[in-house]
Amino acid sequence: MERWKNALAASEWMPWLIIGLAAFLRFFLLGMKPPHFDEGINGWFVDQMVKTSFYKYDPTNYHGPLHFYVLLLSQTLFGRNLWALRLPVVLVSISCVWLTLKFEPFVGQTVSRLAALAMALSPGFVFYGRYSIHEVWLVLFTMLFFYGLFGLWKSGTANYLWCAGMGVTGMILSKETYILHIGCAAIAAGVCYVSNYFSKLDDPRPATQTWNYVDLAVVIGTGIALIVFFYSGTFFHWNGIKGLYQAYLPWFRTGSEGHGHEKPWYYWLALISHYELPVLAGLLLCIFALRFKAMSLRYLAIYSVGTLIAYSIVKYKTPWCIISFIWPFLFIFGALVPTAPLRFAAVTYRWCALLLFGLLAYTVYYAQTNKWSATYDHMWPYALILGTALLLVTLRSPEMIKLLASILICWSLGHCIWLNYFRCTTDTEPYVYVQTYNDIYKFTDPVLQLAHSDPRAYQLVGHIIRASPYPLPWMLDDFGRVGYYEKNNMPDKVDGDFLLVQQDKITAVEAKLHDSYYTFPVTIRPYQDPSKAYFSARIFKSFFPGQWPDFTEAVPAPTPSPSPAK
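Here we summarise the structure given alongside this text.

What follows deals with the overall build of the protein chain. Scanning the protein chain from terminus to terminus reveals 25 helices and five strands. Across its three principal directions, the C-alpha atoms of the protein chain cover 110 × 60 × 50 Å. Across the 566 residues that make up the protein chain, the buried fraction comes to 53%. With an accessible surface of roughly 26600 Å², the protein chain has 65% of that area assigned to carbon and sulfur atoms. Here the protein chain carries 42 positive and 34 negative side-chain charges, and the mean point of each set is 8 Å from the other.

Across its 14 residues, helix α23 (residues 440-453) extends 20 Å between first and last C-alpha, which sits within 8% of the 20 Å expected from 1.5 Å per residue. Within α23 the residues assigned to the buried category are Ile440, Phe443, Thr444, Pro446, Val447, Leu450 and Ala451. Check the buried side of α23 and you find it contacts β1 (462-465), α24 (472-475), β3 (498-502), β4 (517-522) and β5 (531-536).

A few words on the packing of aromatic side chains. In this structure the tally under the stated criterion is 67 aromatic pairs. Ring centres 6.4 Å apart and planes at 50 degrees place the aromatic pair tyrosine 303 and tryptophan 327 in the tilted group. One end of the pair, tyrosine 303, is in helix α17 (residues 295-313); the other, tryptophan 327, is in helix α18 (residues 323-334), and 24 residues separate them in sequence. The exposure class of tyrosine 303 is buried, given its relative accessible area of 0%. Its relative accessible area of 0% is what places tryptophan 327 among the buried residues. An aromatic cluster is built from Phe103, Phe106, Phe145, Phe146, Tyr147, Phe150, Tyr160, Tyr299, Tyr303, Trp327 and Phe331, whose rings are joined through pairwise contacts. Directly above the aromatic system of tyrosine 131 lies the positively charged group of lysine 33, at a separation of 3.9 Å from the ring centroid. A cation over an aromatic ring shows up here: lysine 263 above the ring of tyrosine 267, its NZ or CZ 5.4 Å from the ring centre.

Let's shift gears to the pairing of β4. Burial of β4 is extensive: five of the six residues sit out of reach of the surface. Alignment of β4 against β5, held across six bridges, turns out to be antiparallel. What sits directly across from threonine 519, in β5, is tyrosine 534.

Let us now look at helix α22 (residues 398-422). Look at α22: 36 Å from first C-alpha to last across 25 residues, which is about the 36 Å you get at 1.5 Å a residue. When we look at burial in α22, the residues that qualify are Ile401, Leu404, Ala405, Leu408, Ile409, Ser412, His415, Cys416, Leu419, Asn420 and Tyr421.

What follows covers the side chain of serine 195. Examined against the element boundaries, serine 195 turns out to sit in helix α11 (residues 178-195). At a separation of 3.2 Å, a polar atom in the side chain of serine 195 contacts the side chain of arginine 298.

Judged by nonpolar contacts, the single largest core of 170 residues is most densely connected at Phe103, Phe146, Trp327 and Phe443. For this core, the element with the highest residue contribution is helix α9 (residues 135-154), accounting for 12 residues. With near-sequence residues (within four places) excluded, tryptophan 327 lies in contact with Met119, Phe125, Val139, Thr142, Met143, Phe146, Leu300 and Tyr303. Ranked by size, the runner-up nonpolar core spans 11 residues in total, among them Val494, Leu499, Leu513 and Phe551.

Tallied over the full model, the rule gives zero disulfides. Free of any disulfide, cysteine 163 has its nearest neighbouring cysteine sulfur in cysteine 96, separated by 14 Å.

What follows covers the packing of helix α20 (residues 346-369) against helix α21 (residues 380-394). Axis separation between α20 and α21 bottoms out at 10 Å; the angle between their running directions is 165 degrees. One finds that α20 runs roughly antiparallel with respect to α21. Here the hand of the crossing between α20 and α21 comes out left-handed. Residues Tyr349, Cys352, Leu356, Leu359, Leu360, Thr363, Val364 and Ala367 of α20 lie in contact with α21, whose contacting residues are Pro381, Tyr382, Ile385, Thr388, Ala389 and Leu392.

Rules behind the numbers
Residues numbered from 1 in each chain as written. Predicted model: local features only at pLDDT ≥ 70, side-chain atom pairs only at ≥ 80, totals over all residues. Heavy atoms only, no water. Helix = DSSP H or I, 4+ residues; strand = E, 2+ residues; numbered from the N terminus. Buried < 20%, exposed > 50% of the residue type's maximum accessible area, 1.4 Å probe, protein only. Areas by Shrake-Rupley, 256 points an atom, 1.4 Å probe, with all protein chains shown as cover. Lys, Arg positive; Asp, Glu negative; His and termini not counted. Charge placed at Lys NZ, Arg CZ, Asp CG, Glu CD. Expected span 1.5 Å × (residues − 1). Contact = heavy atoms within 4.5 Å. Phe/Tyr/Trp six-rings, centres within 6.5 Å; stacked < 30°, edge-to-face > 60°. Lys NZ or Arg CZ within 6 Å of the ring centre and 35° of its normal. Pairing = 2+ DSSP bridges. Polar contact = N/O pair within 3.5 Å; in protein donor to acceptor, adjacent residues only side chain to side chain. Core = buried A, V, L, I, M, F, W, Y, C linked by side-chain atoms within 4.5 Å. Disulfide = S-S within 2.5 Å. Axes fitted to C-alpha atoms, helices over the stretch in contact; angles between N-to-C directions. Parallel < 35°, antiparallel > 145°, perpendicular 65-115°, else oblique. Left-handed = near helix turned anticlockwise from the far one by under 90°.

Right, here's the structure in full:
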């Protein structure tokens, strides 16, 4: 077994097995969950680009233009469908795993492969790697930026200069939060420099740089050209360039106020302890960052803790942002194996045990006095305390730390499968956030099936009378006669071939209907009032065999007869 394990570790097939596993988990049943609210908005933006020929960047939208142009290409090649909408992000997510393996010259083979395997199986990286959102792009380009930085430190060639430059360019083109990552990277550089005075690095000085100022000018010029090209709407919307700085006023306001997505500061710790145990192990190992002699690992440990603190300070928190800053912890998790054995004096263990026991007692006391319920968001203190104790014990033995790493990887795989293929629309899962219910297919399937069998159905008249109807505007955008009415708006003629009406508007709508309809309740997503679907009995009769219409023309109340004269 030992000989087989060593042969497999040295084999060049191992990276491909990791990438193949990552691809399988991300492609398998890709369309099993309905489009998310944000996916519907992103898809709708792409539909507008087809009409206007460019993406009009809005600084209050907080999202860069690159994602939309790639989605436009994907939908042009493969059609307007959910698979084509998600394909680019799936490929980018797999590329992140591949790029993790490319860090081998800087962190070592064992660290890079363990980190790549943990990313391939991570419940969060798989779950949000199957969504058509911007965060995965930010992860890829941030990793490319760091890959270039480490390459410049180690070898100083122009190739790594290009990686760093294009990484920053891609970050700017992806999402406005790039500035937070660059700021944390700069602070981490200073902290890492100071740490060298306390514990010497093996590579404290950068290599001699072989690139020149011409190379630097070309890289900067290319980056600026790409930024101008995309933010200007391919030269059709020059005001979009102003959005590069105009976005930060509303962004800081949203980040400080929350706007309905405010979460407590420990929100990320709660998610990590619930879903991402390898990340939790990497976070705890950062306590021993001064033991790392490789500059890249120590720098990643400092940077990762810094970004976690920064994201915790921001009140506006949505769960998919977690993948933007937890990826460095996976490298620290990979460093578990080469770090062992790590032993301390007996008195150190006694003091640590006393401290951890005190923290555990205080946590139990605080939970009882504040009546904390036993939910996922209240388990993180126990996970941190018990995890630290377990790490101190297992780091004493290389065999024990390998066993611990194996258990965490297997646990991560099991949780990944459970979340992504059995509970991907269950709103009690913290990662499943404002996810569209499968209930939406009850409304869209009859319409789409009728149109696929008879293209004339694309001219059906539809009324969506409800607030926040996404992702329906993208799902039904091929139907040219569908109207969307929010607040107090109403079509002049309420009767249509199909309708979706918000609960509080049902009475007003039914008072104006004259045709017969099949009806049933529909709930699009959580935190939203339910709706009622109406399908014309004349057109959709075949979808409701043997069933009488649920609604017929409203009969006006008779006018009361005048009272007889005395």
